[in-house]
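Coordinate analysis (summary)
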Amino acid sequence: MAFRRYLKTAIIAFAACGVLALWLLVLRPYLINGFWDDDALSSVVRGEVGRSQTTLAAFIQLVNSDWIRNAGRFFPVALVIDYSGFYFIRPLEYFRFYQVSLVLLNVALFGCLLRRMGAGRAFSGLVCLSLLGSFQVHRHYDPVGSYAPLMQTTGILFSLACLPLTDLGTGRVWLKLLVSAFFAFACLLNYEVGLVFLPVYLYLILSQRRDWKLALPLGSVSMAYLAIVLYCRHRALSMYPGIRVGTFLGFIDTFFKQLTASLPLISYLGVLHRDPKMIRAISETFLRPESWLIFLACAALFFALLRRVGTQKAPRPVLVTAAILAVGPSFLVGASGKCQAELDWSVGYLPVYLSYFGTAILLAHWLAHWICRRRRTGRTLLLISMGLAWVVALTQTINLRVAASLDEGQQFPRFALETALENGLFSGLRDGDRVTTNFEYAWASSAFIYEHSGKRVFIVGHPDYSYDAKSPSADTPLYALRLDVQPDGGWRAELSDARSNRVAIMEQAGSPPSGMSERSFHLFWLRALYHPQLPKRLFMAQGTHK
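Residues numbered from 1 in each chain as written. Predicted model: local features only at pLDDT ≥ 70, side-chain atom pairs only at ≥ 80, totals over all residues. Heavy atoms only, no water.

Examining helix H5 (residues 56–71)
Helix length check: H5, at 16 residues, gives a terminal C-alpha distance of 22 Å against a target of 22 Å (1.5 Å per residue), a fit within 8%. When we look at burial in H5, the residues that qualify are Leu56, Phe59, Ile60, Val63, Asn64, Asp66 and Ala71. Down the axis of H5, the sector holding all buried residues measures 155°, keeping them to one side. If you follow the buried residues of H5, they end up packed against helix H4 (45–52) and helix H6 (76–88). Positive phi appears at Gly72, one or two residues downstream of H5, with a value of about 75°. (Helix = DSSP H or I, 4+ residues; strand = E, 2+ residues; numbered from the N terminus. Expected span 1.5 Å × (residues − 1). Buried < 20%, exposed > 50% of the residue type's maximum accessible area, 1.4 Å probe, protein only. Arc of directions from axis to C-beta. Contact = heavy atoms within 4.5 Å.)

The following block contains the structure:
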């Protein structure tokens, strides 16, 4: 008996490791991508803190005060988690692994939540597995690769707030309500979209006990949050465009753009519309061994789950939660004037990350209902499983291509300049010198220069949070920093005296090696697995002084 018990435990542990490895393989585009959009700006926090000669806590307080005073927004939890992660987790590879780990934790907690709500194991597993084909890399507003870890922590805090509310029939009811209210308040202070979850909390409470007094802790923290937000909006010098209400017609259009953005493969249609060459991703899916591994593993798992899910039904709390997650964020996004002006079809705004979970539940419920009603044979279930597995494999292939395209325009120039700075590009400059640039990357601030060169220079025309006490005078030495892409695909960083036009220091960044369409050099263990011959640095700079 003991041997059988140990054998069963070993099999479960082995299966869990296999599923985890499959998740990491499918999410590999997020493991190897560079810093995009807001991540690129937040990643220089160590340079901001060092250049300002302050502490991380003081810097977070400074940024939080700026958001309150200038934009009327209050999300201190997000700032603490965001800047702390970038400050303490320095290598890009480690931060991306941390980011994906939060996604996995979010999915695991959500699966536990479904089970606590009464969903069967097969149904919960089907939802979690379906999420593999839902996460899609977007060129703009990517919720995982560009704003980490905002949406992941929002989903985690939502699950933690719901878990105590799934069992109010036993003792310690008020303790559970207080714990739930604590995480719900933290979720609101992390991102405004947490307001969408309030109906879920109320439904979970009142569906078990029809006593409105039990909603008092949740109602108290909600009213406190609204009071804080209204006060910040009233005292703000200007209004953040994202929270301004747009037009009614714009709401209808943006609502459906956001609503449909959570459907599987929807982002591929948008990318294919702009770049017809992306049609090759379909053929690549059948040619890559990695895609075949994903396809076979997912097909086997889908088939095993579909054979058991037909006899299970999604409980009402699960369906209510799914409907609110799938539709609720679209109301907030649709009302935003900024999203009405910027959002496009197939590209949802950040809360689409939450809609992925709701859409996965609804699709799994529809599929389970269809299988149970029609009593499908094993052959039909196998064909369905193969179709779902192919969607996952194709999504991973597309994500790799889109991530590589984004890296070429965002991460490659940053990595080239970083390498040049660490090899002495600014060694001839003094603290207080001024520098002009021929580029306008958000990350290319004086804090970025200080972090990688130790020089406290001033980037002319580039705002930063350092707030130096004295600004440079007009007679301060002025240098020109150029960063240009070369015909071979590499990048050239050049620093010259802006007045005499004499090149002071020059760095030549080499072109990327061939066969790097997936940019697997970022993560060291994946680099060793796929490209063991590559150096640790893709761009090997040679410094020359003139």
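Digging into the layout of surface pockets
Its boundaries defined by the atoms lining it, the second largest pocket holds a volume of some 740 Å³. Along the wall of the second largest pocket there are 19 residues; nearest its centre are Ala16, Val19, Trp23, Gly125 and Cys128. Counting only elements with at least two residues in the lining of the second largest pocket, the list comes to helix H1 (2–26), helix H7 (92–116), helix H8 (121–130) and helix H16 (289–309). (1 Å grid on protein atoms, 1.4 Å probe; cavity = no way out; pocket = protein on both sides within 12 Å on 5 of 7 lines; lining within 4 Å. Points joined across faces, edges and corners; volume = space filled by probe spheres on them.)

Details of a nonpolar patch on the surface
The grouping of Phe248, Leu249, Ile252, Phe256 and Trp345 at the surface amounts to a nonpolar patch, some 570 Å² of accessible area in total. In this structure, Phe248 sits in helix H13 (residues 248–260). You can call Phe248 exposed: its relative accessible area is 62%. (Patch = residues over 30% accessible without salt bridge, like charges linked within 9 Å, V, L, I, M, F, W, Y side chains within 5 Å. Areas by Shrake-Rupley, 256 points an atom, 1.4 Å probe, with all protein chains shown as cover. Salt bridge = Lys/Arg side-chain N within 4 Å of Asp/Glu carboxyl O.)

Examining the pairing of strand E4 (residues 491–497)
In terms of burial, E4 is largely enclosed, as 6 of its 7 residues are buried. Relative to E4, strand E3 (residues 478–485) runs antiparallel, the two being bridged by 7 bridges. Looking across to E4, one finds that Leu481 is bridged to Leu495. Turn length for the E3-E4 hairpin, with the two strands adjacent in sequence and antiparallel, is 5 residues, and the turn residue Gly489 shows positive phi of about 95°. (Pairing = 2+ DSSP bridges.)

Topic: the pattern of salt bridges
Throughout the structure, instances matching the rule amount to 11 salt bridges. A salt bridge links Arg96 to Asp39, with the nearest nitrogen and oxygen atoms 3.2 Å apart. One end of the pair, Arg96, is in helix H7; the other, Asp39, is in helix H3 (residues 37–42), and 57 residues separate them in sequence. The shortest N-O distance in the salt bridge between Glu451 and Arg90 comes to 1.9 Å. Placement of Glu451 in helix H22 (residues 446–453) and of Arg90 in the loop between H6 and H7 is noted, with a sequence separation of 361 residues between them. Using a relative accessible area of 27% as the deciding quantity, one classes Arg90 as partly exposed. Where salt bridges share partners, they join Arg28, Arg288 and Glu290 into one cluster.

As for the side chain of Gln340
Mapping Gln340 onto the fold places it in helix H18 (residues 337–342). Apart from residues lying up to four places away in sequence, Gln340 is in contact with Gly246, Thr247, Gly250, Phe251, Thr254, Gly334 and Ala335.

Considerations on the state of the cysteines
For the structure on display, the rule yields 0 disulfides. Unpaired in terms of disulfides, Cys128 finds its nearest cysteine sulfur in Cys112, a separation of 8.4 Å. For Cys128, a relative accessible area of 15% gives the class buried. (Disulfide = S-S within 2.5 Å.)

Regarding the nonpolar core
Ranked by internal contacts, the top residues of the largest apolar core, which has 151 residues, are Phe135, Tyr201, Leu417 and Phe426. Setting aside chain neighbours within four positions, we find Tyr201 in contact with Phe158, Ala161, Cys162, Leu165, Ala184 and Leu218. Residues Phe74, Leu189, Val229 and Cys232 belong to the second largest nonpolar core, which totals 6 residues. (Core = buried A, V, L, I, M, F, W, Y, C linked by side-chain atoms within 4.5 Å.)

Section: the confidence of the model for the protein
The pLDDT averaged across the protein works out to 82; a share of 87% of its residues lies at or above 70. In this model, residues 504–546 is a region of pLDDT below 50 whose contacts with residues beyond four sequence positions or in other chains number 122 contacts. (pLDDT = per-residue confidence, 0-100.)

Topic: the packing of helix H9 (residues 150–162) against helix H11 (residues 198–206)
With their axes 10 Å apart at the nearest point, H9 and H11 run at an angle of 15° to one another. On the basis of the axis angle, H9 is roughly parallel to H11. Where H9 crosses over H11, the handedness of that crossing is right-handed. In this structure, H9 contributes Phe158, Ala161 and Cys162 to the contact, and H11 contributes Val200, Tyr201 and Leu204. Its residues assigned to classes, the contact of H9 with H11 shows 6 nonpolar, no polar and no charged. (Axes fitted to C-alpha atoms, helices over the stretch in contact; angles between N-to-C directions. Parallel < 35°, antiparallel > 145°, perpendicular 65-115°, else oblique. Left-handed = near helix turned anticlockwise from the far one by under 90°. Nonpolar A, V, L, I, M, F, W, Y, C, P; charged D, E, K, R; others polar.)

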